[in-house]
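Examining the three-dimensional arrangement
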Amino acid sequence: MNAIITIDPATGEELGRYPGLDAPALDASLQRAADAQRTWREVPVEQRVEPLRRLATLLRDEAQTHAELISREMGKPVTEALAEVRKCAVTCDYYADRAAEFLAQQPVETEASASFVAYEPLGVVLAVMPWNFPYWQVIRFAAPTLAAGNGGLLKHASNVTGSAIALESLFQRAGFPEGLFQTLVLTDHGMVDEIIADPRVAAVTLTGSEAAGASVATAAGRALKKTVLELGGSDPFVVLADADVEKVAPLAVRARFVNTGQSCLCAKRFPVEAGVIEDFERRVGDLVEALRIGDPLDPATQIGPLAKPSFVDDIDRQVRESVALGARVVTGGHRLDGPGNYYAPTVLADVTPDMPVFREETFGPVMAIVRAESADEAIELADDTRYGLAASVWTADMERGLRLGRGIRSGALFVNSVVVSDPRLPFGGVKLSGYGRELSREGMLEFTNIRAVWAMESVA
Ligand code: NAP
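Described in the following lines is the structure provided in the data block. Because the structure is predicted, anything quoted here is derived from the model rather than measured.

**Examining the site of the ligand**
As a matter of local geometry, the ligand sits amid 28 residues, with W131, S158, S209, L231 and E361 nearest to it. In this structure, A157 approaches the ligand through a main-chain N or O atom, which is 3.3 Å from an oxygen atom. At a separation of 2.7 Å, a nitrogen atom of the ligand approaches a polar backbone atom of L231. Relative to its unbound accessible surface of 910 Å², the ligand loses 88% to contact with the protein. A molecule is said to occupy a pocket when more than half its atoms come within 2 Å of that pocket's grid points, and by this definition the ligand occupies the largest pocket. Mapped onto the shell around the ligand, the elements with two or more residues apiece are helix 6 (136-147) and helix 9 (210-223).

Written out as structure tokens, the structure is:
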């Protein structure tokens, strides 16, 4: 059947049914996007940001409704969903305030009468997005990209199709021109390749798994189109022996268990120096046992269901195989009975680099604690991964944290703070975490034509 069915991860019940686009409808969508962008690119940036400001207001005014939709579709605790929607509003305001400055021509001294760098739109950009932050992933792409004069086409994760349609409506109501931002309901990944090949599409950005990233980058490579890829992560949270473990432990729990562990930026591996490891294990074990598991729509819930049943199978396999290799269960380590995709929040100790919870990305509520005999060994363990999204180092000595942290190859380094994405700072990875940047000025310029202009008053 050519339709997407969405399922409530807390109950297993059907939520919605959405007919997929057929080939003629897709062609019409691409044409509308191309036509809208041709006009939009001529609108001065000061006017292009006006709908962004209205979008921010709509997101704030309707935050509760959108948060509940997010929670129902992918299981995020509703308090976290509310925070997600509000962060979207902040980011729209941020680009509304800064777009003109970021896109301003940069004069360059040469022998020309006038020479400068101009930042012009690329065209229509396709965004393939994941379900884990259904609004945030889209807004962090769309706010800078549309403000830069581009159009946006969203192929969202199938399980959050209701959110994708609500987002399209938000952009329309905010006053963006008809067709400039569209949600495409696609029932077949092959259609993504066709869209990338279409001359009306200029570039593509994907946030998701390595497999999806490789597939989209292959299609874009064939068509020689620009890509930005935000892929997986296995971020280290390094606790040095001089850290204040009493203060660090609750932050470690937050860093790992936010969004029920389903964030690319979640800390996933915890190298801890031997001197403080027992204290750390005991404290995080107690805190994790106290986490409230339940209905994502209940504001008291801290741990909801995983977004899809297969994710419970994946995390359960990673835990069982790691335990078979010698990991010790401090707490959790099993599925939870009853309806919904629930997995017990888990802490594993005695983790070693040969185990799946160390080698693979764990996209669920499982903390892997690794013993390090020294600070240098902790950094080596932290860097022993195919991924390179972000890293945090926890120590009483910030300068030492910064110095040691440089030994971990990652797109972001935080010392004594939980890693977060912030519109003011570039976001993205190295190694298999992807390439290109989102957010800040760097993110906005990814989808611009950075154009060199050289002009003489007269022919010499
Ligand atoms: P996924 O399967 O790769 O899905 C992400 C998106 O890609 C969805 O829209 C999906 O559509 C689409 N997709 C999948 N295979 C495709 C293909 N062959 N061609 C075209 N589109 C394809 O990702 P996931 O497993 O659901 O999400 C979790 C992953 O995303 C994790 O690895 C996580 O670390 C990563 N992530 C990274 C960031 C970051 O910023 N670095 C942020 C969040 C998540 P369907 O839903 O229709 O399959």
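Once the structure has been displayed, the description carries forward.
**Focus on the layout of surface pockets**
One number sums up the size of the largest pocket: a volume of about 960 Å³. Around the largest pocket, the lining comprises 39 residues; the ones closest to its centre are W131, G208, S209, E210 and A212. Contributing elements (two or more residues each) for the lining of the largest pocket: helix 8 (190-197), strand 8 (203-207), helix 9 and helix 12 (309-324). For the lining of the largest pocket, the residue count by class is 16 nonpolar, 13 polar and ten charged. Taken together, domain 1 (3-231 + 433-455) and domain 2 (235-415) each give at least three residues to the lining of the largest pocket, which thus spans both. The volume enclosed by the second largest pocket comes to roughly 510 Å³. Top element by residues in the lining of the second largest pocket is helix 5 (residues 78-103). It accounts for four residues. Looking at side-chain class alone, the lining of the second largest pocket contains twelve nonpolar, three polar and five charged residues. Counting the residues that make up the lining of the second largest pocket, at least three belong to each of domain 1 (3-231 + 433-455) and domain 2 (235-415).

Rules used throughout
- Residues numbered from 1 in each chain as written.
- Predicted model: local features only at pLDDT ≥ 70, side-chain atom pairs only at ≥ 80, totals over all residues.
- Heavy atoms only, no water.
- Near = heavy atom within 4 Å.
- Polar contact = N/O pair within 3.5 Å; in protein donor to acceptor, adjacent residues only side chain to side chain.
- Areas by Shrake-Rupley, 256 points an atom, 1.4 Å probe, with all protein chains shown as cover.
- 1 Å grid on protein atoms, 1.4 Å probe; cavity = no way out; pocket = protein on both sides within 12 Å on 5 of 7 lines; lining within 4 Å.
- Sits in = over half its atoms within 2 Å of the grid points.
- Helix = DSSP H or I, 4+ residues; strand = E, 2+ residues; numbered from the N terminus.
- Points joined across faces, edges and corners; volume = space filled by probe spheres on them.
- Nonpolar A, V, L, I, M, F, W, Y, C, P; charged D, E, K, R; others polar.
- Domains from an automatic or database assignment.

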